[in-house]
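The residues making up each chain are set out below.
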Amino acid sequence: MDGKRKDILSLAPVTAPLLVALVLILLSLSGKLLEGRRSDDNIFLLISVIQLIVFIFPCVLYYFIKGRKLSTPMFVSAVKPGQFLFLLFAFLTMITGTILIKFFYFTETGAAPTEVNFFISGVQTDENTSMLEIIVAFVLVPAVCEELFFRGIILSEYRAFGSLSAVLFSAICFSMAHFSFSALPIYFFNGLILGTAAIACRSVFAPILIHIGSNLLSIYASDLFLRVTVQKCGVFFVFFVLAVAFLLSVILMLSRAESIFWNRSANPPESELPPRSAGTLKTVFLSPAFFVLVFVFVIITILV
C-alpha cells in the first residue's frame, strides 16, 4: 500500500504543478530582491544570476527528487538542418500572432496589454550600458532558462499524457509566469507555438531559438510601432495585413510540420506512441495540485 501511495505522489499531475508554483513564488520574491538592490550593484549580472537560480535550481532539485528520471526523456537532441525552415515559419507565426492579439487590445482599449516582467521593469540604461549585457540578461538567459524549465521539464513530464496535454499545460504555466491577467492570451499563444516547436523538432533547442528571436524583437521593436502604424495606415488596412501574414505563416508552419511528422513516421523514434490527450485532459487539469498552482498564480498576480 505504501509503495502504491509513493507511486501516486510521484506522478506528474501531483508534482509538476507544485514545482511550477514554487517557481512562481521564487519569481515574485526575486522582484522584491531587485527592488532592494544597492545602487552600485551590476543589475544585469544580478538579473542573470537570479534567473539561473529561479529556473535551473528547481529543475535540478526536482530531477533528483524524482530519482533522476522524468516521466519521458527530455528532448536534448540538436535541431536537424531540415527543421530550420519550420522554425522560421513558427517564429513568424508567433510574431504575427502576437502583434495581431495586441492589435485587438489596441483597437478596443487604445493600449497594448501590460506585460509584467520583474527582470526588466524599472531597469535604467545609459550610454555606459553594454549591448552585450542587455542581450545576455534580457534575451539569452531568459530564453534558455524558461525553455529548459517549461519545455524541458514540464513538457517532458506531461508527454506521458499525450502531446496535446503537454503543450497545453506547459503553455498555461508559461503564461502564469508573467503575472499579468491582461497579457495572459499573448503568453499562452506564445507557449503554444514554443511547445509545438519542441514536439515537432523533438529538441528543446528549437523553442530556445524562437524565444531568443522573440526577445530580441520585444526589446528593439516596441509597441510604438503598432500604434504609429494604425494611426498612419488605418485600422482596417493594418488588420488585413496582419491577418494575411498570420494565416500565411500558420499554413507554412503546418505544412513543414506535416513534412517533419511524415518523414518521422517512416522511422519512428519511439517504440510506443504517447496516448491520446482527449482521455487524459481530466487527469491533467483537474488535479488538486493544478488548483493549488492556479491559486498561487492568482494571489501573486493580485498582490503584484
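So, here's what we can say about the structure.

Conventions and cut-offs
Residues numbered from 1 in each chain as written. Predicted model: local features only at pLDDT ≥ 70, side-chain atom pairs only at ≥ 80, totals over all residues. Heavy atoms only, no water. Core = buried A, V, L, I, M, F, W, Y, C linked by side-chain atoms within 4.5 Å. Buried < 20%, exposed > 50% of the residue type's maximum accessible area, 1.4 Å probe, protein only. Contact = heavy atoms within 4.5 Å. Salt bridge = Lys/Arg side-chain N within 4 Å of Asp/Glu carboxyl O. Helix = DSSP H or I, 4+ residues; strand = E, 2+ residues; numbered from the N terminus. Axes fitted to C-alpha atoms, helices over the stretch in contact; angles between N-to-C directions. Parallel < 35°, antiparallel > 145°, perpendicular 65-115°, else oblique. Left-handed = near helix turned anticlockwise from the far one by under 90°. Nonpolar A, V, L, I, M, F, W, Y, C, P; charged D, E, K, R; others polar.

## Things to note about the nonpolar core
Stage number 1. Formed by 79 residues in total, the largest nonpolar core has its most connected members in Leu24, Phe86, Phe149, Ile154, Tyr158, Phe169 and Leu293.
Stage number 2. Leaving out residues up to four positions away in the same chain, Leu293 has contacts with Pro17, Val20, Ala21, Leu24, Phe169, Cys173 and Met176.

## As for the pattern of salt bridges
Stage number 1. Following the criterion strictly, the structure yields two salt bridges and no others.
Stage number 2. Two residues, Lys66 and Glu157, come together in a salt bridge whose shortest N-O distance is 3.2 Å. Of this pair, Lys66 sits in the loop between helix H3 (43-65) and helix H4 (84-109) while Glu157 sits in helix H5 (residues 131-158), placing them 91 residues apart in sequence.
Stage number 3. Given the relative accessible area of 16%, Lys66 is considered buried.
Stage number 4. In this structure, the salt-bridge partner of Arg151 is Glu147, at a minimum N-O distance of 2.7 Å. Of the two residues, Arg151 and Glu147 are both situated in helix H5; the distance of four residues between them amounts to about one turn of the helix. When sorted by exposure, Arg151 lands in the same class as Glu147, which is buried.

## Comments concerning the packing of helix H2 (residues 12-35) against helix H12 (residues 288-303)
Stage number 1. One way to put it is that H2 packs onto H12 with a least axis distance of 8 Å and a crossing angle of 15°. Viewed along their axes, H2 and H12 adopt a mutual orientation that is roughly parallel. Here H2 and H12 pass one another in a crossing that is left-handed. Contact residues: Pro13, Val14, Pro17, Leu18, Val20, Ala21, Leu24, Ile25 and Ser28 in H2; Ala289, Phe290, Val292, Leu293, Val296, Phe297 and Ile300 in H12.
Stage number 2. Partitioned by chemical class, the residues of the contact of H2 with H12 number 15 nonpolar, one polar and no charged.

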